[in-house]
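# Structural features, examined
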Amino acid sequence: DAGVIQSPRHEVTEMGQEVTLRCKPISGHDYLFWYRQTMMRGLELLIYFNNNVPIDDSGMPEDRFSAKMPNASFSTLKIQPSEPRDSAVYFCASSLSGVARPQQFFGPGTRLTVL
Amino acid sequence: RKEVEQDPGPFNVPEGATVAFNCTYSNSASQSFFWYRQDCRKEPKLLMSVYSSGNEDGRFTAQLNRASQYISLLIRDSKLSDSATYLCVVRNAGNNRKLIWGLGTSLAVNP
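Residues numbered from 1 in each chain as written. Chains lettered and ligands numbered in written order. Predicted model: local features only at pLDDT ≥ 70, side-chain atom pairs only at ≥ 80, totals over all residues. Heavy atoms only, no water.

## A few points about the nonpolar core
Counting 24 residues, the largest nonpolar core has Phe21(B), Trp35(B), Ile71(B), Leu73(B), Ile75(B), Tyr86(B) and Leu107(B) as the members making the most contacts within it. Of all the secondary-structure elements, those providing two or more residues to this core are β3 (19-25), β4 (30-38), β5 (44-50), β7 (60-65), β8 (70-75), β9 (84-92) and β11 (105-110) of chain B. If near-sequence neighbours (up to four positions away) are discounted, Ile75(B) is found in contact with Ala17(B), Thr18(B), Val19(B), Phe21(B), Arg59(B), Phe60(B), Asp82(B), Tyr86(B) and Leu107(B). Counting residues in each nonpolar core, the second largest holds 21 residues, with Val4(A), Val19(A), Leu21(A) and Phe65(A) among its members. (Core = buried A, V, L, I, M, F, W, Y, C linked by side-chain atoms within 4.5 Å. Buried < 20%, exposed > 50% of the residue type's maximum accessible area, 1.4 Å probe, protein only. Helix = DSSP H or I, 4+ residues; strand = E, 2+ residues; numbered from the N terminus. Contact = heavy atoms within 4.5 Å.)

## Looking at the packing of aromatic side chains
Throughout the structure, instances matching the rule amount to 14 aromatic pairs over all chains. Judged by centre distance (6.3 Å) and plane angle (15 degrees), the rings of Tyr31(A) and Phe33(A) are stacked. The exposure classification of Tyr31(A) matches that of Phe33(A), with both residues buried. Between Phe11(B) and Phe21(B), the aromatic rings sit 5.2 Å apart at their centres with planes inclined by 80 degrees, giving edge-to-face as the arrangement. In this pair, Phe11(B) is assigned in strand β2 (residues 11-14) and Phe21(B) in strand β3, connecting sequence segments ten residues apart. A connected cluster of aromatic rings, assembled from ring pairs, spans Tyr31(A), Phe33(A), Tyr35(A), Tyr48(A), Phe91(A), Phe106(A), Phe34(B), Tyr36(B) and Trp101(B). The ring of Tyr31(A) carries the charged tip of Arg97(B) above its face, separated from the ring centre by 4.3 Å. (Phe/Tyr/Trp six-rings, centres within 6.5 Å; stacked < 30°, edge-to-face > 60°. Lys NZ or Arg CZ within 6 Å of the ring centre and 35° of its normal.)

## Concerning the side chain of Thr105(B)
Residue and element names in this part refer to chain B. With respect to the secondary-structure elements, Thr-105 resides in strand β11. Given the relative accessible area of 1%, Thr-105 is considered buried. Reaching out from Thr-105, the side chain makes a polar contact with the side chain of Gln-6 at a distance of 3.2 Å. Those residues in contact with Thr-105 that lie beyond four places of it in its chain are Gln-6, Asp-7, Pro-8, Phe-11, Phe-21, Ala-84, Thr-85 and Tyr-86. (Polar contact = N/O pair within 3.5 Å; in protein donor to acceptor, adjacent residues only side chain to side chain.)

## Some points on the state of the cysteines
Residue and element names in this part refer to chain A. Inspection of every chain in the model, using the stated rule, returns two disulfides over all chains. Linked covalently through their sulfurs, Cys-23 and Cys-92 form a disulfide whose S-S length is 1.9 Å. Since a negative S-S torsion denotes a left-handed disulfide, the Cys-23-Cys-92 link at about -65 degrees is left-handed. Of this pair, Cys-23 sits in strand β3 (residues 19-24) while Cys-92 sits in strand β9 (residues 88-95), and the two are 69 residues apart along the sequence. (Disulfide = S-S within 2.5 Å.)

## Observations concerning the environment of Ser66(A)
Here Ser66(A) lies in strand β7 (residues 65-71). In the structure, Ser66(A) is positioned 61 residues away from Ile5(A) in sequence and 19 Å away in space, judged by C-alpha atoms.

## Brief notes about the interface of chain B and chain A
Listed by partner, the interface residues are 22 residues for chain B and 27 residues for chain A. Of the roughly 1,900 Å² buried at the junction of chain B and chain A (both faces included), carbon and sulfur atoms supply 51%. On the chain B side of the interface with chain A, the three residues burying the most area are Arg97(B), Lys98(B) and Trp101(B), jointly 35% of the side's total. Counting across the chain B and chain A interface gives zero salt bridges. Counting every contact that joins chain B to chain A gives five residue pairs in polar contact (both at pLDDT 80 or more). (Buried area = accessible area lost by both parts, 1.4 Å probe. Salt bridge = Lys/Arg side-chain N within 4 Å of Asp/Glu carboxyl O.)

Here it is as structure tokens:
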């Protein structure tokens, strides 16, 4: 079975450029999460969706960040304009409802470097 | 103060040793508890859930102390392959799926 798929795996861009990260959750999962991980702050939840609807975006750092989930099998996280402090590993994860202790399955991450 | 706190380590232990990690959480209403494992430059993966009565999975034992608000993970007979970062994770009460993550404890098992 395919796990969570993310693309690109690595992205190097210059300050001010737009960055789009992509995620395909596990088929049948109805929750999708976007995280950012840095050494200093660890894993931080940015936003999560349930059935394609954003539920909690309180972790989105500022207006430069936006996320969409147009259908059950695809989500994007966009940063515009990007800044050097956005450099981090961005993970997408998905999980299934109806489970008492829902496990989150993570994609391999996108390593973003903003110069 | 972070909501979930862990000793960052690193813990350096020889193969075969027993090692224990603790984690404290600040929200007394926290409802579910987990340990995730993250290998270097990889994604986190669920190691085990933590149940109120404590639970064991092979060489791994997890314990929860609600009164003191801490969670522990014990690894017995450690293997080289146990080298990783162990993340303590908490879900608060309420109908939400938000997980709160510790920064992780780094373990290096040496030959």
